[in-house]
Amino acid sequence: MPTFDFLPLVWWGLPLVAVPLVIHLINLLRHRRVEWAAMEFLLASRKKYRTRVLLRQWLLLALRTAAIAGLVLGLAQPRWRSAIGGLFGAGGHHLVLLDDSYSMGDLTSDSSGASESAFDRGRRVVERVAGDLAATGGSDELSLGLFSKLAGADESARLLVDRQLMDARGVQQVRNAVGRTQPSWLALGPRGPLAYGTKLVTAGSDAPRTAWIISDFRSRDWRPAETVAEVRRLAEAGWAIRLVDCSIDSKTAGNLAITRLEAVGGVPAAGVVMPVEVEVRNDGQESVRDLPLEIREDTVVRAGLRIAEIPPGGSVTRRFDVRFAETGGHVVAARLPADILPADDISTCVIDVVPSVEVLLVSDDPTGSMRGGDAFYLAAALAPGGGAATGLRPRVEPPAALTAIDLTPFDVIWVLDVERLEPPAINALEAHARSGGGVVFFCGPRTRADVVNRTLHRDGEGLFPLPLAGPVEVLPAPGRERVPDVVVEEHPVVAVLSGQRNPLLDAVRIDRVLAPDRRFDEAATPGLRRLLALRTGGPLLVEKPFGNGLGVAVLTTAGPEWNNWARGNPSWVVVMLELQNHLASQRRHVGPLRVGDRVVVTLQPGVDETEVDFLVPPDGAVVRQAAAAPPGKPFNAALRIEHPGICTARWRRVDGTERERLTAVSLVPDEGQLERIGRERLDRALVGIPFRYDRADALQPAADALAGVPFTKPLLLGLLVILLLEQFVAFVASYHPRVVPRGRA
């Protein structure tokens, strides 16, 4: 049976078929009978040829009616949905690639107000393609793949349906396969699936091949040159490309996403306040005002936040404090009100709370830990006591301990006016910094500039940030007006002291410092950054990256020997605690684990058993993983996580104790940017590549529009034949007076 791509044209155009008949009837009404005696002779002749004339007239009327009907049907683009369709086209291979990235969960409403996801529209398109192919007689084959299964374009890629013949049984198999699918939680692009399609070319096969890419066609995925190159390779491999857009145009709908939730600084100790930052992005075209944000600590809902305004395309960061009384892993969650893409409206992070955090203070002053030494004043700042819980536990050791103890537990190591460090100790400090730790050097009367330059700075290759010249006096400022000796630079450690004139810093007096070498150019040193400076213009506190960590130099003493800063000035405690948190965060901060990444648990041989139970989100299903490794070496148990949330790993030690570790798994936030590339920009991006673009919502109302073999060309050929016959019959049926040549007149 025939179907039409544009069925409304049939219903609106077929009434025009009656136009020739109406004109014929009108002409009959216009005839008048006139009695004329001279015509009686001709009437007898007319009766003789009447049947022939009527036959010509009715044939002419039928041809004109058929011509109009053929024109209307041709514009409606008919197709044939029966086995006869096989006579007009051979069976081919159709590769259907369905985007199941989490942006396909977009619930933007269409013009009717119906709210369904882009993925639901994509599934209907897949079912329809299968049904249309079956209508041609079942000679076509269909392969169905999801972006998430084909993203790697390697041997692990798997098709849901592999070259299934599209008969009734094949259509049911496709419907069953696509009915079980849901959008994944992954951020996926089309490059991997397109590359997989290029590899599917069958050698020596001349059958037509069509690749259907059913996606939401977001700008971030289809603008890159790598995507365009994959589409071009697919077309050059002989695939006819069909692009079906499942998204809905909307100028008012916008997506809000939590792009970051993490602890920033602080000490993860029991009873200690820790700052947490949450970042919310507005991907819509309008500002969002008075936005509520729900915050949970473990299972307890705490007082939420309200964001006054987020501009279109902008982001806003808010900070709040959390405190946990018990040790162990704790979950902080933030949730936005539901919008068109619910997947990125929630985010979680894990804070591992310990009883206290050890801090290593290295001093070669035998009285350093006693009242009055550098170690005493620094330890008093890091752990002041008196109800001011910081969670820090200072530990004072001599320089020799750097090679005798394990430095791994210490986030920050403070080296206090040490005269000399042996090469093994220097190597231990540099290894600690390379792995993300922080090392702070306080200078003083025992610090020798030449030793520091030769062993610790080493022309910029070492851990010490800058070369030294020697101790210098900081002379009082001239004039009667008192000028602060310390100048605050732009840095998060001292941000609390910046701005207007601070009376606490005004009271700080710096008498002596170790001055940097005059030939040293701070601006030419990559990564060197001042935190505090002297009123004379010289540096006082500087930092410089070293590996994954930081090396910091304070060019005066920690105790009151060269300054009065530590003697009863609260700003001393503030800066030391902020510096400790800043350096510790460099080591604690690990890039967020994203959906699709692997949660890895490192086990120690002889200490841990070899099996780990992973309780995976969203429902806590248990997946047991066994690990193996060469004898005596650490081994890993790992599991790929495909859903955001909290993954709990549990394992036993050989002594029978149980261990548990929580890991937060987050979405890739860029996938929530729902800007469509649109037809015009897609044409520009894929210039020179033949493809057909359709909107899923335009295809779906007429469920049979693409069924069968196109019948437009045969119909147009038939129309041409009808028009030629119409002209011939019109000529024969009409009266033409005989033309007599002039020579015979």
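In every chain, residue numbers begin from 1 and rise along the written sequence. Note on the predicted model: pLDDT of at least 70 is required for a residue's local features to be given, and 80 or more for side-chain atom pairs to be given and counted; whole-chain, interface and lining totals, by contrast, use all residues. Side-chain figures throughout are based on the complete set of non-hydrogen atoms in the structure, without hydrogens or water.

### Some thoughts on the sheet that holds strand 27 (residues 608–616)
And then number 1: Pairing between two strands requires that DSSP report at least two bridges joining them. Per the convention used, a helix needs a DSSP run of H or I reaching at least four residues, while a strand needs a run of E reaching at least two, with both numbered from the N terminus. Read across the sheet, 5 strands follow the order 25-31-30-27-28 without closing on themselves; strand pairing throughout is mixed. Each end of this open sheet is capped by a strand with a single partner; those strands are strand 25 (593–594) and strand 28 (621–626).
And then number 2: Taken together, the 8 bridges between strand 30 (residues 645–653) and strand 31 (residues 658–666) define a ladder with antiparallel strand orientation. Among the inter-strand pairings, Thr648 is bridged to a residue of strand 31, identified as Leu662.

### Things to note about the confidence of the model for the protein chain
And then number 1: The predictor attaches a confidence to each residue, called pLDDT, with possible values from 0 through 100. Residues of the protein chain with pLDDT of at least 70 account for 83%, and the chain-wide mean is 84.
And then number 2: We call two residues contacting when some pair of their heavy atoms lies within 4.5 Å. Confidence over residues 82–90 falls short of pLDDT 50; this stretch has 14 contacts with residues more than four positions distant or in other chains.
And then number 3: Ignoring residues within four places in sequence, the model shows residues 700–707, a span with pLDDT below 50, making 27 contacts including any to other chains.

### A look at helix 9 (residues 225–236)
And then number 1: Over its 12 residues, helix 9 runs 16 Å from end to end, which matches the ideal 16 Å to within 8%, given 1.5 Å per residue.
And then number 2: Only protein chains enter the accessibility calculation, which uses a 1.4 Å probe. A residue is then buried if its area is under 20% of the maximum for its type, exposed if over 50%, and partly exposed in between. Among the residues making up helix 9, those that are buried are Thr227, Val228, Glu230, Val231, Leu234 and Ala235. Along the axis of helix 9, the buried residues cluster in a sector spanning 160°; they form a single face. Facing away from the buried side of helix 9 by more than 90 degrees, the exposed set consists of Ala225 and Glu236. Helix span is expected to be 1.5 Å times the residue number reduced by one. To be clear, the arc concerns the directions from the helix axis to the C-beta atoms.

### A look at the packing of aromatic side chains
And then number 1: Pairing of aromatic rings covers Phe, Tyr and Trp, the last counted by its six-membered ring, and requires centre-to-centre distances within 6.5 Å; plane angles under 30 degrees mean stacked, over 60 mean edge-to-face, and any other angle means tilted. Throughout the structure, instances matching the rule amount to 7 aromatic pairs.
And then number 2: Judged by centre distance (4.8 Å) and plane angle (35°), the rings of Phe217 and Trp222 are tilted.
And then number 3: Under the relative-accessibility criterion, Phe217 is labelled buried at 1%.
And then number 4: Measuring from ring centre to ring centre gives 5.3 Å for Trp565 and Trp572, while their planes differ by 75°; the resulting arrangement is edge-to-face. Note on accessibility: Trp565 and Trp572 belong to one class, buried.

### Description of the packing of helix 4 (residues 118–135) against helix 6 (residues 168–179)
And then number 1: Each axis is a line fitted through C-alpha atoms, and for a helix only the stretch in contact is used; angles between axes span 0 to 180 degrees, taken between their N-to-C directions. Between helix 4 and helix 6, the shortest axis-to-axis distance is 9 Å and the interhelical angle comes to 175°. When the interaxial angle is binned, helix 4 and helix 6 end up roughly antiparallel. Counted together, Arg123, Val126, Glu127, Ala130, Gly131 and Ala134 of helix 4 and Val171, Val174, Arg175, Val178 and Gly179 of helix 6 form the full contact between these two elements.
And then number 2: Residues are grouped as follows: Ala, Val, Leu, Ile, Met, Phe, Trp, Tyr, Cys and Pro are nonpolar; Asp, Glu, Lys and Arg are charged; all remaining types, including Gly, are polar. Looking at the contact of helix 4 with helix 6, its residues break down into 6 nonpolar, 2 polar and 3 charged. For classification purposes, an angle smaller than 35 degrees is called roughly parallel, one larger than 145 roughly antiparallel, one from 65 to 115 roughly perpendicular, and anything else oblique.

### Section: the nonpolar core
And then number 1: As used here, the term nonpolar core means buried Ala, Val, Leu, Ile, Met, Phe, Trp, Tyr and Cys residues forming a set that is joined through side-chain atoms within 4.5 Å. In terms of nonpolar packing, the biggest core is built from 76 residues, with Trp414, Leu421 and Met576 touching the most fellow members.
And then number 2: Top element by residues in this core is helix 14 (residues 570–588). It accounts for 7 residues.
And then number 3: Those residues in contact with Leu421 that sit more than four places away from it in its chain are Pro399, Leu402, Val415, Ile426, Leu429, Phe441 and Leu456.
And then number 4: Counting 48 residues, the second-largest nonpolar core is a separate cluster that includes Leu97, Leu150, Ala627 and Cys647.

### Focus: the side chain of Gln580
And then number 1: Among the secondary structure elements, Gln580 is positioned in helix 14.
And then number 2: What Gln580 contacts, discounting residues up to four positions off in sequence, is Val359, Leu382, Leu392, Val412 and Trp414.

### Examining the sheet that holds strand 8 (residues 256–263)
And then number 1: Read from one edge to the other, the open sheet built from 3 strands follows the order 8-9-12, with strand pairing classed as antiparallel. The open sheet has two edge strands, strand 8 and strand 12 (315–322), and neither has a second partner. Each adjacent strand pair in this sheet contributes to an overall mean axis angle of 20°, direction not counted.

### A few points about unusual backbone geometry
And then number 1: Along the chain, Pro617 connects to Pro618 via a cis peptide bond; the corresponding omega equals 10°.
And then number 2: Inspection of the secondary structure puts Pro618 in the loop between strand 27 and strand 28.
And then number 3: Although it is not a glycine, Asp290 sits at a positive phi angle of roughly 50°.
And then number 4: Topologically, Asp290 is positioned in strand 10 (residues 288–297).
And then number 5: At Arg458, a position not held by glycine, the phi torsion is positive, near 50°.

### A look at the pattern of salt bridges
And then number 1: Criterion for a salt bridge: a side-chain nitrogen of Lys or Arg within 4 Å of a carboxyl oxygen of Asp or Glu. Tallied over the full model, the rule gives 43 salt bridges.
And then number 2: Note that Arg128 is salt-bridged to Asp132, the shortest N-O span being 3.6 Å. With Arg128 and Asp132 both in helix 4 and 4 residues apart, this pair spans about one turn of that helix. Of the two residues, Arg128 and Asp132, neither departs from the other in class, the shared state being buried.
And then number 3: Residue Arg319 is joined to Glu277 by a salt bridge in which the shortest nitrogen-to-oxygen separation is 2.8 Å. A residue pair is termed long-range when its members are at least 10 positions apart, and Arg319 in strand 12 and Glu277 in strand 9 (residues 274–282) qualify at 42 residues.
And then number 4: Through salt bridges with shared partners, one network takes in Arg260, Glu262, Glu277 and Arg319.

### Details of the packing of helix 10 (residues 374–382) against helix 14
And then number 1: The interhelical angle for the contact between helix 10 and helix 14, taken along N-to-C directions, is 80°, at an axis separation of 8 Å. Judged by the angle between their axes, helix 10 and helix 14 are roughly perpendicular. Residue-level contacts link Tyr377, Leu378, Ala381 and Leu382 of helix 10 to Trp572, Val573, Met576, Leu577 and Gln580 of helix 14.
And then number 2: Class assignment for the residues of the contact of helix 10 with helix 14 results in 8 nonpolar, 1 polar and no charged.

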